[in-house]
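Residue strings, one per chain:
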Amino acid sequence: MAKVIKKKKIRLLPFFIFIIAIAVIVFVCLFILDTKVKNIIITGNEILSDDEVIELAGLTDYPSFYKTLNITMKNDISRNSLVKSVDINRSFYHIIEINVEEYEILYKREDNGKYVLENKDEITLDKETPYTIPRLINKIPNKILNRFIKYYKRVDLSIREKISEIKYDPNEFDEDRFLLYMDDGNSVYMTITKFERLNYYNDVLPQLDGRKGYLYLDSGNHFQIME
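Everything in this summary refers to the structure shown in the same document.

Here is what the cut-offs are and how they apply
Residues numbered from 1 in each chain as written. Predicted model: local features only at pLDDT ≥ 70, side-chain atom pairs only at ≥ 80, totals over all residues. Heavy atoms only, no water. Helix = DSSP H or I, 4+ residues; strand = E, 2+ residues; numbered from the N terminus. Buried < 20%, exposed > 50% of the residue type's maximum accessible area, 1.4 Å probe, protein only. Contact = heavy atoms within 4.5 Å. Areas by Shrake-Rupley, 256 points an atom, 1.4 Å probe, with all protein chains shown as cover. Arc of directions from axis to C-beta. 1 Å grid on protein atoms, 1.4 Å probe; cavity = no way out; pocket = protein on both sides within 12 Å on 5 of 7 lines; lining within 4 Å. Points joined across faces, edges and corners; volume = space filled by probe spheres on them. Nonpolar A, V, L, I, M, F, W, Y, C, P; charged D, E, K, R; others polar. Polar contact = N/O pair within 3.5 Å; in protein donor to acceptor, adjacent residues only side chain to side chain. Phe/Tyr/Trp six-rings, centres within 6.5 Å; stacked < 30°, edge-to-face > 60°. Lys NZ or Arg CZ within 6 Å of the ring centre and 35° of its normal. Salt bridge = Lys/Arg side-chain N within 4 Å of Asp/Glu carboxyl O.

### A few points about the overall build of the chain
For step 1, the next point in the chain: Broken down by element type, the chain carries 6 helices and 12 strands.
For step 2, the next point in the chain: Per-residue burial over the chain gives 35% buried out of 227 residues.
For step 3, the next point in the chain: A fraction of 51% describes how many contacts in the chain between residues 6 or more apart in sequence connect residues 24 or more apart.
For step 4, the next point in the chain: As displayed, the chain offers around 14,700 Å² of accessible surface, 54% of which is attributable to carbon and sulfur atoms.

### Details of unusual backbone geometry
For step 1, the next point in the chain: Of note in this structure, Tyr 93 is not a glycine but carries a positive phi near 65°.
For step 2, the next point in the chain: Here Tyr 93 is to be found in the loop between strand E2 (83-91) and strand E3 (95-102).
For step 3, the next point in the chain: Under the relative-accessibility criterion, Tyr 93 is labelled exposed at 70%.
For step 4, the next point in the chain: Of note in the backbone geometry, His 94 takes a positive phi value of approximately 60° without being a glycine.
For step 5, the next point in the chain: If you trace the backbone, His 94 turns up in the loop between E2 and E3.

### A short note on helix H4 (residues 142-152)
For step 1, the next point in the chain: Among all positions of H4, only Ile 144, Leu 145, Phe 148, Ile 149, Tyr 151 and Tyr 152 are buried. Across the axial projection of H4, the buried residues extend over an arc of 170°, all falling on one side.
For step 2, the next point in the chain: Next to the buried residues of H4 lie strand E4 (105-109), strand E5 (115-117), helix H5 (157-160), strand E8 (163-168) and strand E9 (177-182).

### A closer look at empty space enclosed by the protein
Space left empty within the atom packing is revealed by a probe, the size of a water molecule, rolled over the atoms.
For step 1, the next point in the chain: Taken as a whole and judged by the stated rule, the model has 1 cavity of 30 Å³ or more.
For step 2, the next point in the chain: Considered as a void within the structure, the largest cavity measures approximately 40 Å³ in volume.
For step 3, the next point in the chain: What lines the largest cavity is Glu 104, Ile 105, Leu 106, Tyr 131, Thr 132, Ile 133, Pro 134, Tyr 152, Leu 157 and Arg 160.
For step 4, the next point in the chain: Those elements that provide at least two residues to the lining of the largest cavity are E4 and H5.
For step 5, the next point in the chain: The class makeup of the residues in the lining of the largest cavity is 7 nonpolar, 1 polar and 2 charged.

### Remarks on the side chain of Thr 129
For step 1, the next point in the chain: For Thr 129, the location among the structural elements is in the loop between strand E6 (122-123) and strand E7 (135-136).
For step 2, the next point in the chain: Only 2.7 Å separates the side chain of Thr 129 from the backbone oxygen of Tyr 131, close enough to count as a polar contact.
For step 3, the next point in the chain: Other than its neighbours up to four places away in sequence, Thr 129 contacts Ile 105 and Tyr 115.

### A short note on the packing of aromatic side chains
For step 1, the next point in the chain: Counting across every chain of the model gives 10 aromatic pairs.
For step 2, the next point in the chain: Among the aromatic residues, those joined into a cluster by ring pairs are Tyr 107, Phe 148, Tyr 152, Tyr 168, Phe 178 and Phe 195.
For step 3, the next point in the chain: A cation sits over an aromatic face here: Arg 90 above Phe 65, 4.8 Å from the ring centre.

### Examining the pattern of salt bridges
For step 1, the next point in the chain: Tallied over the full model, the rule gives 13 salt bridges.
For step 2, the next point in the chain: Between Glu 175 and Lys 143 there is a salt bridge, with its nearest N and O atoms 3.4 Å apart. Here Glu 175, found in the loop between E8 and E9, pairs with Lys 143, found in helix H4; they are 32 residues apart in sequence, far enough to count as distant.
For step 3, the next point in the chain: On the basis of relative accessibility, which here comes to 43%, the residue Glu 175 falls in the partly exposed class.
For step 4, the next point in the chain: Among the residues examined, Lys 143 registers a relative accessible area of 61% and is labelled exposed.
For step 5, the next point in the chain: With a shortest N-O distance of 3.2 Å, Arg 177 and Asp 169 are connected by a salt bridge.
For step 6, the next point in the chain: Accessibility expressed as a relative area gives 12% for Arg 177, which makes it buried.
For step 7, the next point in the chain: A relative accessible area of 15% places Asp 169 in the buried class.

Next up, the structure:
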């Protein structure tokens with residue numbers, strides 16, 4: 001008696017459902033990945049504009065929120081010489097927040113027109129700075145420069161903005177001496193380690209009774225009327 005061979009029926013419906021489910025999942029994932037950045041918040045910047053930070057981060061065209069990586073944006077922004085540090089956060093509704101800390105500009109070199117940052121890097125700017133920058137009218141020797149920057153940074157920005165020119169002005173007794181030309185017409189002789197005393201400059205002014213002259217803070221504390 002001959003054997004009867006039964007053919008197995010292929011169950012197509014579950015297979016099609018599986019394929020459709022995979023396709024839906026892939027479509028949803030691609031849709032989500034392509035969701036663009038909705039808003040960009042920039043904080044902490046003073047010299048760099050918001051648009052410049054956005055351009056550095058590669059966010060000009062509001063790209064995909066999920067494909068744009070924090071580490072990539074951070075590295076790209078940090079390549080700018082003005083940037084000291086960058087912190088990037090994401091929040092709901094596809095918002096990217098970028099906080100930038102900039103190096104402070106200390107002075108502008110008169111000989112080459114470049115701005116000197118607190119880390120000694122020199123940059124060229126084609127824009128106005130948000131705070132007044134004094135001019136260095138001669139060169140500070142390399143052996144003096146590090147100590148000058150260290151102590152000069154201890155002077156409040158509000159006082160530094162009153163300085164119009166800085167001159168390295170050593171004498172036979174003090175190789176660390178500087179002469180500061182103030183924007184009110186006074187001049188201050190200063191040795192490096194005493195720069196912090198300049199923070200009391202506004203307290204000294206009333207005692208001068210409107211007179212202009214030289215304030216010696218390099219050796220002692222006395223005022224000489226300008227002839």
